[in-house]
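# Architecture at a glance
Spelled out, the chains give:
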Amino acid sequence: MTGTLYGLPLSQRVDVNGTPYSGALLYLYQASTSIPANSYSDFGLTLLNPNPLACDAAGTIPQFWLADGAYRARMTSANGSVVIFDFDNIQTIGPSTGTGGGAGGAAVDTTAIAQTGDYIWV
């Protein structure tokens, strides 16, 4: 029941000159609204993050986790004068059940994956 937004956590945001957006603010909302959504700093969804999340001095967005669902992510410069992006209806990715591994913990078919000693033709 936990996921994250693909490509956002731990990514660096820079302007057109390559200068990091130090202190940029990431606002998370419920999809298609301006209703704030809770984000968490742990996979178990117990440690609530502040909203907005602030980038570090290098413009890196901190790691965060969300409950399953769709969200809106809006990032502004530290003073709010520049909207860096505003994405809507982003679906969380990650396991919907269990503690990880995807596919709800389904067994892996070992005949369908590469094995030690397999030839790889390039």
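Remember, predicted model here, so these are calculated numbers, not experimental data.

Rules and cut-offs
Residues numbered from 1 in each chain as written. Predicted model: local features only at pLDDT ≥ 70, side-chain atom pairs only at ≥ 80, totals over all residues. Heavy atoms only, no water. Helix = DSSP H or I, 4+ residues; strand = E, 2+ residues; numbered from the N terminus. Buried < 20%, exposed > 50% of the residue type's maximum accessible area, 1.4 Å probe, protein only. Contact = heavy atoms within 4.5 Å. Areas by Shrake-Rupley, 256 points an atom, 1.4 Å probe, with all protein chains shown as cover. Core = buried A, V, L, I, M, F, W, Y, C linked by side-chain atoms within 4.5 Å. Pairing = 2+ DSSP bridges.

## A word on the overall build of the chain
- When helices and strands are counted, the chain shows 0 helices and 6 strands.
- N-terminal to C-terminal, the α/β element order of the chain is β-β-β-β-β-β.
- Considering the chain as a whole, with its 122 residues, one finds that 29% of them fall into the buried category.
- Long-range pairs, those at least 24 residues apart, make up 64% of the contacts in the chain with a sequence separation of at least 6.
- Looking at the chain as shown, the accessible area adds up to about 7600 Å², and 58% of this sits on carbon and sulfur atoms.

## Examining the nonpolar core
- Formed by 17 residues in total, the largest nonpolar core has its most connected members in L5, L26, L28, F64 and A73.
- When contributions to this core are tallied by element, the ones reaching two or more residues are β2 (25–30), β5 (70–76) and β6 (83–91).
- Here the element with the most residues in this core is β5; it accounts for 3 residues.
- The contacts of L26, once residues within four sequence positions are left out, are N51, P52, L53, I61, F64, A73, R74, M75 and F85.

## Observations regarding the pairing of β6
- Here β5 pairs with β6 via 6 bridges, running antiparallel. Bridge assignment links Y71 to a residue of β6, and that residue is I90.

## Digging into unusual backbone geometry
- Across the junction of N51 and P52, the peptide omega takes the value 15°, indicating a cis bond.
- Residue placement: P52 occurs in the loop between β2 and β3 (53–54).
- Here L10, not a glycine, exhibits a phi torsion of approximately 65°, which is positive.
- Accessibility expressed as a relative area gives 56% for L10, which makes it exposed.
- Backbone geometry places N89, a non-glycine residue, at a positive phi of 55°.
- Position of N89 relative to the elements: it lies in strand β6.

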